[in-house]
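Observations on chain architecture
Letter by letter, the chains look like this.
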Amino acid sequence: MKLENLSKHVSRWFDGSGPNSDIVISSRIRLARNLAGYEFLPRLTQDGQTEILEKLKEAILSLNVGEETFFIDVAESSLIHQDLMVERHLISKRHAQSKGPRGAIIAAAESFTAMINEEDHLRLQVFKNGLQLNECWEQINAIDDQIEKKVRYAFSPRYGYYTACPTNLGTGIRVSVMLHLPALKMTRQIEKFFNATKDTDLAVRGLFGEGTEAVGDFFQLSNQTTLGMSEKEIIDEFSNSIVPKIIEYESMARDELLRTQKDVLDDKIQRAMGVLKSARLISSQEALFLLSNVRLGVNLGRVKDIDIATVNELFMLTQPAHLQINNEKILEPQQRDIVRAEIIRSKLMEN
Amino acid sequence: MQCQQCKQHTATIHLTEINDGTRQETHLCEACAEQQGLAIKSQIPLNELLSTLLASQGSDKNISQTQTAHTATEQMPPCPSCGMTFQEFRKGGLLGCPNDYEHFGEALKPMIEKSQGGNSTHTGKVPENAPDDSKKQIELLNLRNRLEDAVQSEDYETAAKLRDRIEHLQ
């Protein structure tokens, strides 16, 4: 299995299908774990880090996770491969950019990855398309059970799973959903969404592109509390009350747009199509913004000749590292803008 | 929602003040909030937020109590297991080893409770190979929490059942 083979297609968690996938793009659960008898990373020697890397690599590669798994030495990977993994959400930016012995174990279909020596010794994550948090939990919990038979985690009855940062203490769980909320944004009701999250101490972040700005109406929503609630309670709150409420708001806003502002909506969607089909230079920011409008158009049946899978594919394959790997050369930003525009044009004309 | 000040931009900063029991809400856009001295970075990484939180614990010189607490944490000896000092943690936001949770226990407690919605004890998954003792302790904790809830909601029947189970476990 080579990383290059991944860059040609979109990740499965982003394939546009799955429950409620017109609004919920994907679900993710991650668990933070540390091994007993070792310092956390800020205090761990280089030798200690190598020991942990070897120990966890061996333990996890020997597991049955239902897919073939392979190990990537992140410290030894080229910059472009590191960026590719970040763009595909296989590893974090922090993991790519930090120093010292570190690695990742990736399942072939990319639903599961394990980061070794990130902020904690071990960060497991499971990704699924659409709203599937319970399925994510079942899978990651089973993997965690298997690992726990091979290594000893740092754990105490009072604090639960010890983590380097106290904000992850206890369950070490981070539950996230990626949402596409263009209608709430367009109807200026996005505050409703923020208000709904205000009392539930949730974190809202952007999804694609540089920084954390929410470009193209994509938002990532995660839990903050990890201590004093069980994993199940945290997940249930998310899938049974928080996310359904947001889906309801967004669906209502989409209906309202169709009912009262059809012309404005169509204008926006068709203008986006027009630019994407004719631009010769396009930045990743502009592409995200316009593709977001097209995605809404497809989901509302206003654009008929393209499917969601194609739109999602364009989101991912036009990211900088994907562009360069698929072109087999390093491209300057302006060259990337040219290639990006070409890919988008040819994909949209095909259909 | 519109910004109350300029009435042009979308309000993204929502302030709730409670004075003598009266609740007052203010909704501002980022620019107006900044003008009013409410400089808020819209996206703050968790670690940064945490270290700001920690750093601010001691910065308020008008409150002698926090200052005493601050001085006390400054003087705390480094963790005997990993050598981490509390100042280092305050700066980087990450601890050095599991023992830090015990060693800096009192200093960490308010901060953990603040970031964990007031909670301070684990009630989630327990590793299967954890000593029986710790499994029992978690179960006891869970039962005690449920007992408290039952008593508070005056559900004495459940409370009695829970009490029996606690006694049985002990």
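Source: prediction; values computed, not measured. (Residues numbered from 1 in each chain as written. Chains lettered and ligands numbered in written order. Predicted model: local features only at pLDDT ≥ 70, side-chain atom pairs only at ≥ 80, totals over all residues.)

As a further point, take the overall build of chain A. Counting secondary structure elements, chain A contains 12 helices and 10 strands. For chain A, the C-alpha radius of gyration of 21 Å lies close to 20 Å, the compact-globule estimate for 351 residues. On the principal axes, the C-alpha backbone points of chain A span a range of 65 × 45 × 30 Å. Looking at the 351 residues of chain A, the share that counts as buried comes to 50%. Within chain A, contacts between residues at least 6 apart in sequence are counted, and of these 70% link residues at least 24 apart. (Helix = DSSP H or I, 4+ residues; strand = E, 2+ residues; numbered from the N terminus. Rg over C-alpha atoms; globule rule 2.2 N^0.38 Å. Buried ≥ 20, exposed ≤ 12 C-beta atoms within 10 Å, placed from the backbone. Contact = placed C-beta atoms within 7 Å.)

It is worth spelling out the interface of chain A and chain B at this point. The partner chain B presents 38 residues to the 35 residues of chain A that form the contact. Residues that form the side of chain A that touches chain B fall into these classes: 14 nonpolar, 9 polar and 12 charged. (Nonpolar A, V, L, I, M, F, W, Y, C, P; charged D, E, K, R; others polar.)

A few words on the confidence of the model for chain B. Residues and elements named next belong to chain B. Summarising the model, chain B shows a mean pLDDT of 76, and 69% of its residues fall at 70 or more. Confidence over residues 39-44 falls short of pLDDT 50; this stretch has 8 contacts with residues more than four positions distant or in other chains. This model gives residues 58-64 a pLDDT under 50, and the stretch forms 5 contacts once residues within four places in sequence are excluded. (pLDDT = per-residue confidence, 0-100.)

Residues and elements named next belong to chain A. Counted at 1.5 Å a residue, the expected span for helix α9 (residues 284-299) with its 16 residues is 22 Å, and the 22 Å between its end C-alpha atoms agrees. Looking only at α9, the buried set comprises Ser284, Ala287, Leu288, Leu290, Leu291, Ser292, Asn293, Val294, Arg295, Leu296, Gly297 and Val298. Those residues of α9 that are buried are in contact with β8 (173-180), α5 (182-186), α8 (262-278), α10 (308-317), α11 (320-327) and α12 (333-350). Within two residues after α9, Gly301 carries a phi angle of roughly 75 degrees, on the positive side. (Expected span 1.5 Å × (residues − 1).)

Within soluble globular proteins, side chains that are nonpolar tend to cluster in buried spots. Within the largest apolar cluster, 109 residues are counted, with the highest numbers of intra-cluster contacts made by Ala104(A), Leu179(A) and Val294(A). Top element by residues in this core is helix α7 (residues 231-260) of chain A. It accounts for 8 residues. Cys3(B), Leu28(B), Cys29(B) and Cys32(B) belong to the second-largest nonpolar core, a separate cluster that totals 6 residues. (Core = buried A, V, L, I, M, F, W, Y, C linked by C-beta atoms within 7 Å.)

Another point: unusual backbone geometry. All names here are of chain A. With a phi close to 55 degrees, Asn20 is a non-glycine residue in the positive phi region. Looking at the secondary structure, you find Asn20 in the segment before β1 (24-33). Within the chain, Glu328 stands out as a residue other than glycine whose phi angle is a positive 55 degrees.

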